[in-house]
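# Structural overview for review
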Amino acid sequence: MKRRKLSLSELAAYTADALPKGILLTSAAEQKLNSMVIGWGAVGINWNLPVFAAYVRVSRYTRELLDKNPAFTVNIPLGKPEPNTWAVCGSKSGRDMDKLAVCGLHPVPGEQVSVPALREFPITAECKIIYRQQEDLSLLPEELRSRFYPHSRDSESSDNSKDPHVTYYGQILSAYVLEPEEGEE
Ligand SMILES: Cc1cc2nc3c(=O)[nH]c(=O)nc-3n(C[C@H](O)[C@H](O)[C@H](O)COP(=O)(O)O)c2cc1C
């Protein structure tokens, strides 16, 4: 596959269009590879660097992988993805299954990071994590806290919705669209 490079503003436009439906974030550590759907994210500039900020709840398997290997790729479809990919990557945990195998997603080696891109989700940002920060829910307006973290005051609750998000700031090292080489499918 070849890589057609994207500017930061092209990546930002693709991301803003696709996020309301969800995009994928792929992580990898200790021979495990995992993709999850994200609906929150931001492309911008921090510390004078191009950055993708992703918001991952503490309970996600993805969070464990990101903490072991500080890199991720963002994977955006061209057109409409398979509904099954959304159902699996948006609700099942990579702790219990190999989601890429179940969804028929094919990794393509990363250019700058140890995490691959995905052939079926060709718009790609390769990111190196340079900072992370867990939300302090007490600083959120009550309206947002009770909407997104309804069980946060119940320490006994096992519901995931009590968990805060960790913001991962990934320096964007490369952004591109994967395209087939001539003669390739
Ligand atoms: C449309 C959509 C958007 C989502 N956005 C996020 C998000 O931004 N952050 C997050 O932590 N979970 C988000 N999720 C939930 C995760 O994708 C889901 O819990 C997933 O199964 C986690 O996988 P993992 O445990 O293998 O990391 C979203 C799910 C859907 C369907």
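Worth saying up front: this structure is predicted, and the values here are computed from it rather than measured.

Now for the overall build of the protein chain. Counting its secondary structure elements, the protein chain contains 5 helices and 10 strands. Against the 2.2 N^0.38 benchmark of 16 Å for 185 residues, the protein chain shows a C-alpha radius of gyration of 16 Å, consistent with a compact globule. In terms of overall dimensions, the protein chain has a C-alpha envelope of 55 × 40 × 30 Å along the principal axes.

Before going further, it helps to spend a moment on the site of the ligand. Taken together, 18 residues sit near the ligand, with Gly-22, Gly-39, Thr-62, Gly-90 and Gly-94 positioned nearest. In terms of residue count, the dominant contributor to the shell around the ligand is strand E3 (residues 32-38) (4 residues).

What follows covers the pairing of strand E9 (residues 123-134). Sheet topology places strand E6 (residues 71-76) next to E9; 6 bridges connect them, and they run antiparallel. When the bridges of E9 are listed, Ile-76 appears paired with Ile-123. Relative to strand E10 (residues 165-179), E9 runs antiparallel, the two sharing 11 bridges. Each bridged residue has a counterpart across the sheet, and for Glu-126 the counterpart in E10 is Ser-174.

Moving on, we come to the nonpolar core. Core analysis: the largest hydrophobic core is formed by 38 residues, its most contacted members being Phe-52, Phe-72, Val-74 and Cys-127. In terms of residue count, the dominant contributor to this core is E10 (5 residues). When sequence neighbours within four positions are dropped, the list of residues in contact with Phe-72 reads Leu-25, Thr-26, Ser-27, Ala-54, Leu-66, Val-115, Cys-127 and Gly-170.

Its location among the elements puts Leu-137 in the loop between E9 and helix H5 (142-148). Separated by 28 residues in sequence, Leu-137 and His-165 have C-alpha atoms that sit 9.2 Å apart. Dropping the residues within four chain positions of it, Leu-137 is found in contact with Arg-145, Tyr-149, Ser-152 and Pro-164.

What follows covers the environment of Gln-134. By the secondary structure assignment, Gln-134 is in strand E9. You can call Gln-134 exposed: it has 12 C-beta atoms within 10 Å. Between the alpha carbons of Gln-134 and Ile-172 there is a distance of 21 Å; along the sequence they are 38 residues apart. Discounting chain neighbours no more than four positions away, the residues touching Gln-134 are Pro-164 and Val-166.

Moving on to helix H1 (residues 8-18). The set of residues buried in H1 consists of Leu-11, Tyr-14 and Ala-18. Take H1 and look down its axis: the buried residues cluster within an arc of 65 degrees, on one side only. Away from the buried face of H1 by more than 90 degrees, exposed residues Ser-9, Ala-16 and Asp-17 are located.

Our next topic: helix H2 (residues 61-68). Side chains three or four residues apart in an α-helix point the same way, a direct result of the helix having 3.6 residues per turn. Where H2 is concerned, the buried positions are Thr-62, Arg-63, Leu-65 and Leu-66. One side of H2 carries all its buried residues, which in axial view fall inside an arc of 165 degrees. Buried positions along H2 lie against strand E2 (23-29), E3, strand E5 (49-57), E6, E9 and E10.

Looking now at the environment of Ser-174. As for its placement among the helices and strands, Ser-174 is situated in strand E10. Considered as a pair, Ser-174 and Thr-124 are 50 residues apart in the sequence and their alpha carbons are 8.0 Å apart. What Ser-174 contacts, discounting residues up to four positions off in sequence, is Glu-111, Gln-112 and Glu-126.

This part takes up the pairing of E2. Of all the 7 residues making up E2, 6 are buried; the element is thus mostly covered by neighbouring parts of the structure. Sheet topology places E2 next to E3; 7 bridges connect them, and they run antiparallel. Across the sheet, the residue bridging to Ala-29 is Lys-32, located in E3. A loop of 2 residues connects E2 with E3, the two strands running antiparallel in sequence, and Glu-30 in this loop sits at a positive phi of about 45 degrees.

Rules of the game
- Residues numbered from 1 in each chain as written.
- Predicted model: local features only at pLDDT ≥ 70, side-chain atom pairs only at ≥ 80, totals over all residues.
- Helix = DSSP H or I, 4+ residues; strand = E, 2+ residues; numbered from the N terminus.
- Rg over C-alpha atoms; globule rule 2.2 N^0.38 Å.
- Near = placed C-beta within 6 Å.
- Pairing = 2+ DSSP bridges.
- Core = buried A, V, L, I, M, F, W, Y, C linked by C-beta atoms within 7 Å.
- Buried ≥ 20, exposed ≤ 12 C-beta atoms within 10 Å, placed from the backbone.
- Contact = placed C-beta atoms within 7 Å.
- Arc of directions from axis to C-beta.

Everything listed here is a matter of geometry and, on its own, says nothing about what the molecule does.
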